[in-house]
Amino acid sequence: MSAQKNRGKRSLQVISALVFLYLFAPILWIVVFSFNDPRGRYNLNWSSFTLQNWLHPFADKELTDAFVTSLQIAFLAVTLATVMGALMALALSKFRFRGSSAVDIFLVLPLTTPEIVLGASLLTMFIDFDWARGFVTIVIAHTLFCLSFVALTVKARISGFDWRLEEAAADLGAGPWRTFSRVTFPLILPGVFAAALLSFALSIDDYIITSFNKGQTNTMPIHIWDSYKVEFRPEVNVLASMILVVSVVLLVGSSVMSARRSR
Amino acid sequence: MSNHARRPAPNTRAGVSNVTRRRFIGRSGVALGGLALGPSFLAACGSDEETLDSGSGSGDVTQDTKSLYFASWPAYIDEETVALFEKDTGIKFNYTEEYNDNNEYFAKIQPLLSKGRAIDPDIIAPTFWMAGRLIGLDWVQKLPLDKIPNASNLNDNLVDPTWDPTGEYTLPWQSGFAGIAYNLETTGRELTSMDDLWAPEFKGKIGVLSEMRDTLGLIAKSLDIDISKPTAKSLQPALDLLAEKVDSGQIRSFTGNDYMDDLSSGSFAACIGWSGDIAQLSLDNPNAKFAIPESGGTLWSDTMVIPTGADGVDAAAEFMNYVYDPVNAARIAAFVQYVSPVKGVQDELRKMGGDSAALADNVLLFPSEESSKNLSSFGQLSDEDEAALDAAFSKIQGN
Amino acid sequence: MAGEGRKNGRFVPWALLSPGGLFLALFFLVPVWALARIALSTKPSRFEDPAFAWDFSNFGTALSDYGGQFGRSFLYAGLATLFAFIIGYPLAYSIAAYGGKWKDLLIGLVVIPFFTSFLIRTIAWTSILGPQSVVTDAFRGLPLVGDDFNFIGNMWSVVGGLTYNFLPFMILPIYVALEKIDFRLTEAAGDLYATPVAGFWRVIFPLSLPGVFAGSLLVFIPAAGDFINTRFLGTPKTSVIGSVVQDQFLVQLNYPVAAALSLFLMAIITVAVLIYSKLFGTEGLAA
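Residues numbered from 1 in each chain as written. Chains lettered and ligands numbered in written order. Predicted model: local features only at pLDDT ≥ 70, side-chain atom pairs only at ≥ 80, totals over all residues.

Participant: I keep staring at the overall build of chain A and nothing clicks. Help me out?
Facilitator: Along its length, chain A carries eleven helices and zero strands. If you list the helices and strands of chain A from N to C, you get α-α-α-α-α-α-α-α-α-α-α. Seen along its three principal axes, the alpha-carbon backbone of chain A occupies a region of about 70 × 65 × 30 Å. Considering chain A as a whole, with its 263 residues, one finds that 52% of them fall into the buried category. Of the contacts made within chain A by residues no fewer than 6 positions apart, 80% connect residues no fewer than 24 positions apart. (Helix = DSSP H or I, 4+ residues; strand = E, 2+ residues; numbered from the N terminus. Buried ≥ 20, exposed ≤ 12 C-beta atoms within 10 Å, placed from the backbone. Contact = placed C-beta atoms within 7 Å.)

Participant: So what exactly am I meant to see when it comes to the overall build of chain C here?
Facilitator: The number of helices and strands found in chain C is twelve helices and two strands. Reading the helices (α) and strands (β) of chain C from amino to carboxyl end gives α-β-β-α-α-α-α-α-α-α-α-α-α-α. Each principal axis of the C-alpha atoms in chain C carries an extent, and together these give about 75 × 70 × 30 Å. Out of the 287 residues in chain C, the part that is buried amounts to 54%.

Participant: It is not clear to me how the packing of helix 6 (residues 135–158) of chain A against helix 9 (residues 196–225) of chain C should be interpreted in this structure. Could you clarify?
Facilitator: What describes two packed helices is the angle between their axes and the distance between those same axes. In contact at an axis separation of 8 Å, helix 6 of chain A and helix 9 of chain C are set at 165 degrees when each is read in the N-to-C sense. By the angle between their axes, helix 6 of chain A is roughly antiparallel relative to helix 9 of chain C. Judged by the sense of rotation from one axis to the other, the crossing of helix 6 of chain A with helix 9 of chain C is left-handed. In this structure, helix 6 of chain A uses F149, L152, T153, K155 and A156 of chain A to contact helix 9 of chain C, whose residues at the interface are P210, G211, A214, L217 and L218 of chain C. Tallied by class, residues from the contact of helix 6 of chain A with helix 9 of chain C come to seven nonpolar, two polar and one charged. (Axes fitted to C-alpha atoms, helices over the stretch in contact; angles between N-to-C directions. Parallel < 35°, antiparallel > 145°, perpendicular 65-115°, else oblique. Left-handed = near helix turned anticlockwise from the far one by under 90°. Nonpolar A, V, L, I, M, F, W, Y, C, P; charged D, E, K, R; others polar.)

Participant: I keep staring at the sheet that holds strand 1 (residues 67–71) of chain B and nothing clicks. Help me out?
Facilitator: One key point about sheets: their strands pair by backbone hydrogen bonds, in either a parallel or an antiparallel sense. Residue and element names in this part refer to chain B. Strand order in the open sheet formed by three strands is 2-1-3, and the pairing between neighbours is parallel. The open sheet has two free edges, formed respectively by strand 2 (92–96) and strand 3 (123–124), since each of these has just one partner strand. Relative to strand 3, strand 1 runs parallel, the two being bridged by two bridges. If you follow A71 over to strand 3, its bridge partner there is I124. In the packing of helix 13 (residues 313–323) onto the sheet, the strands contacted are strand 1 and strand 3, and the crossing angle to strand 1 comes to about 65 degrees. (Pairing = 2+ DSSP bridges.)

Participant: Quick question: what am I supposed to make of the interface of chain B and chain A here?
Facilitator: By convention, interface size is frequently given as the accessible area that disappears when the constituent parts associate. At the junction of the two partners, chain B supplies 31 residues and chain A supplies 31 residues. Where the side of chain B that touches chain A is concerned, the elements lending two or more residues are helix 3 (37–43), helix 5 (102–113), helix 11 (260–265) and helix 12 (275–284) of chain B. Counted by class, the side of chain B that touches chain A contains 13 nonpolar, ten polar and eight charged residues.

Participant: Sorry, what's going on with the interface of chain C and chain A here?
Facilitator: The interface is formed by 85 residues belonging to chain C together with 92 residues belonging to chain A. Broken down by secondary-structure element, the contributors of at least two residues to the side of chain C that touches chain A are helix 1 (12–39), helix 3 (67–98), helix 4 (103–111), helix 5 (118–128), helix 7 (155–179), helix 9, helix 11 (241–250) and helix 12 (255–280) of chain C. Here the side of chain C that touches chain A takes 15 residues from helix 1 of chain C, the largest share from any one element. For the side of chain C that touches chain A, the per-class residue count stands at 62 nonpolar, 18 polar and five charged.

Participant: Which parts of the structure should I look at to understand the environment of F366 of chain B?
Facilitator: All names here are of chain B. Considering the arrangement of structural elements, one finds F366 in the loop between helix 16 (354–359) and helix 17 (369–373). A count of 17 C-beta atoms within 10 Å places F366 in the partly exposed class. Separated by 28 residues in the primary sequence, F366 and Y338 place their C-alpha atoms 8.8 Å from one another. Apart from residues no more than four positions distant in its own chain, F366 is found in contact with Q346 and A360.

Participant: Is there a simple way to explain the packing of helix 11 of chain C against helix 12 of chain C in this structure?
Facilitator: Residues and elements named next belong to chain C. Interaxial distance between helix 11 and helix 12 falls to 8 Å at its minimum, and their mutual angle equals 155 degrees. It follows from the interaxial angle that helix 11 and helix 12 lie roughly antiparallel. The chirality of how helix 11 crosses helix 12 is left-handed. Across the interface between the two elements, I241, V244, V245, Q248 and F249 of helix 11 pack against Y255, V257, A258, L261, S262 and L265 of helix 12. Here the residues of the contact of helix 11 with helix 12 are counted per class, giving nine nonpolar, two polar and no charged.

Participant: In this structure, what is going on with the nonpolar core? I would like to understand it.
Facilitator: Side chains of a nonpolar character, in soluble globular proteins, are inclined to be buried together. Within the largest apolar cluster, 275 residues are counted, with the highest numbers of intra-cluster contacts made by A270 of chain B together with L172 and Y175 of chain C. Sort the elements by how many residues they give to this core and helix 3 (residues 61–94) of chain A lands first, with 17 residues. For this core, the domains that each give at least three residues are domain 1 (61–170 + 305–324) and domain 2 (177–297 + 376–396) of chain B. (Core = buried A, V, L, I, M, F, W, Y, C linked by C-beta atoms within 7 Å. Domains from an automatic or database assignment.)

Participant: What is the right way to read the pairing of strand 10 (residues 297–304) of chain B from this model?
Facilitator: Consecutive side chains along a regular strand alternate between the two faces of the sheet. Residue and element names in this part refer to chain B. The buried fraction of strand 10 is high, at eight of eight residues. Direction of pairing for strand 5 (residues 171–183) relative to strand 10: antiparallel, over a ladder of seven bridges. Counted as the bridge partner of G176 is W300 from strand 10. Examined bridge by bridge, strand 10 and strand 12 (residues 375–377) share three bridges and lie parallel to one another. Counted as the bridge partner of T298 is S376 from strand 12.

Participant: What exactly am I supposed to notice about the pairing of strand 5 of chain B here?
Facilitator: Residue and element names in this part refer to chain B. For strand 5, the buried fraction is high: 13 of the 13 residues fall into the buried class. With five bridges joining them, strand 5 and strand 8 (residues 270–274) adopt antiparallel strand pairing. Paired with G179 across the two strands is G273, which belongs to strand 8. Relative to strand 9 (residues 288–291), strand 5 runs antiparallel, the two sharing four bridges. Looking across to strand 9, one finds that I180 is bridged to A291.

Participant: What am I meant to see in the environment of D284 of chain B here?
Facilitator: Tracing the backbone shows D284 of chain B in helix 12. Given 22 C-beta atoms within a 10 Å radius, D284 of chain B is considered buried. Residues D284 of chain B and E386 of chain B, spaced 102 residues apart in sequence, show a C-alpha to C-alpha distance of 38 Å. In this structure, D284 of chain B is in contact with P38, R39, G40, Y42, L44, N45 and S47 of chain A, ignoring residues within four places of it in sequence.

Participant: I tried to follow unusual backbone geometry on my own but got confused; where do I start?
Facilitator: Comment: phi is negative for the bulk of residues other than glycine, and the bulk of peptide bonds are trans. Positioned with a positive phi, D130 of chain A is a non-glycine residue whose angle comes to about 65 degrees. Positive phi outside glycine occurs at Q337 of chain B, with the angle close to 65 degrees. Assignment of secondary structure puts Q337 of chain B in the loop between helix 14 (326–336) and helix 15 (345–352).

Participant: Looking at this structure, how should I read helix 8 (residues 176–204) of chain A?
Facilitator: Since the α-helix advances by 3.6 residues per turn, residues separated by three or four positions end up pointing in the same direction. Given a rise of 1.5 Å per residue, 29 residues ought to cover 42 Å, yet the end C-alpha atoms of helix 8 of chain A are separated by just 36 Å, more than 12% below that figure. In helix 8 of chain A, a bend of some 55 degrees at F185 of chain A exceeds every other bend along the element, and P186 of chain A, a proline, comes one to four places later. (Expected span 1.5 Å × (residues − 1). Bend = angle between axes of the 7 residues up to and from the residue.)

Function-wise, these values are silent; they only describe arrangement.
Okay, structure coming up:
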């Protein structure tokens, strides 16, 4: 029995490694080409190795500005969407109330809307409200499409919870805030964390909706797509690799910290 | 010749536009007007546009002579020229690269201009056919040519073009041409005519542009159709040939500028592509070649126009005058590497020496007399023909 | 087993819902309302604003001309969802069951590749799987695979692109559902059932269903409206409804038909999701 289980574990681990390879295959290409020194404006063919791109990653001012803007927008949109979405997921999973299935459908609808339609409709609305298009409208748009992703992901986490745990805490004298922070929140945290990761990925890579609602502000995907018509610079690879490296470092750091804490 | 009448522009005067707005939004607009957070809240974040007073032309708009906003295409100007312009004129110059697709940009400005509201930029850079459309819709204003003496430096073959027969609304920014872009290593031979694209060994390895006028134009020319006076009917044989090649799988896909990496990798053996792109790509991949087909290539121009209601008309005029000075035009051409519309640029490039002088001999920037005879512009289409062709072309793309 | 909340809990769910709900009401419902009006409008000419006219003909046009694209959209999205499930579930399970204290890092690594731009990833893939690449050559050497085999330019490349780009949206929800399981249950199950596999199917898998459900929605729904994968990896014969909406909106400037198509797409997907959730047997739309 144990041998069978071990074989099962082994094969699962092999499969997982392969899937990770699949996930990271393009990343390897991106990182490798960040060390390329292209002769022209297109970083598509290997020419020669250079460290210059990494030494001066912010040489392209517009790309860097767009990069920073993207991060700021993602941070805001992810925070807003995660908070609002988690609250909605809590409401829908924990309570039975009239209209909950309508809200369920309501949550799914933004996902079903084609991006161009959502982008253009938002634009028209912003124009009619006389709202300047720029940073704020991009954040609004990103929060909008992340909200449904968050709510569904957190719901997948919460479903089947035994909410009597909360009642037990209350019986033991814990106030609502303590109950939430000590009992509820830690339980939903992995769901919230996963939802935040997905939202970040959605926000950092959005093109169409952003394009319509950005006014003069530029985000990284907009810059990359638009400039691709005339150039594809290695700095793009460098900045993309940077995001990856920093994210991995943050994750490792938080894993190490929580591993220490749980000891 | 061209069916290019100036139609009275609907819905651009405030009286009519208000009615349209109301019908467009319905009650929701009124109900939510109560959310007066709108203007005051977000005005603090920096306003993006102005609203025209009713019935305004440029004369009624308060002019700002100290700043200029030019919405243009990526990599279409060098930083030095931007800085020098600011220094020489004292005008604060905001040059953005937000104009990256004619249709996308049109969709963004349509909600404003159709309601008689101004957009922010003082100059935008629509491709010639879009400029023609904007002129017809009255969404652009006449250039103050008396303030642009250097406009006389415009190349003769671009004076009073088909999209702007009186020459009062546009000045070309850069030109280029479309032809056959191919990967020499993949094809194994030089390509010289459109028929080469249909060779059986290239099945599934041919790409064409989603830019209708370039793709249909090249195919039409290979069928001996005159594209200077196009109609939906006259172009039907070209549409049929295109549809046949898509159906058989000869043509794999329609691309925007993104054919580059597929061409470079050999995923495309050949495409319909643009001269300037290959000029750049060939530096990284010497196998990337460009050829004007024997039956001829299509010439296009991106233009400068001043939208209705712009507040920087004089500043715009100064800029246009500035870039039509051959010295400045040469500096721009050295960077952009497309076809400059200004006379005398070739000589200026030679004077600059070095790499720039070499560009003076580059046929992609300065096509020979012989090649030039083979290049022609796609003529203006009537609105009906344009709609019909756009629809038919989209159908072939699978839409 | 959902709790009934405390006595004054009647307002609590609505209080929790209100920030997100109001946000959606303002920034989603209002535009969709405008969209519905446009769908019922006619355009006097190509460049003018649409005028509301209770015109239902746009819906007729939408239905009659684009059946092929609708069908392909759902086919590709469905296949992508299936493949994402097959590829993604084992990984989600591995991380949840064997990840230990590195779970967070591992699950983060699943999403991190997608912090890059779609364009760059696609360029990278077309390089890796291009016609002159080592990988493609190896494939062509396989029996039954022709010499002119290409990864790109067919239905499977589109499905492949969809699968790859939506994979994290399948993996993460499954993971969060699995992660709360105490895997000592598998040992107990293993003792009760003949094989670990049976133990998995009878005990673990059902507990992960909410995650599978959420994951399939988060893949299928956006994939059905996607057009960017077919634009880069497909041909005109693999066109999908997203491309049509894009084209009708931007090129043909036919806002009423674009709006009608979008509403159709939204309605069909919503109905499909409702049926799916009934079949899934979960309570409410997503347990």
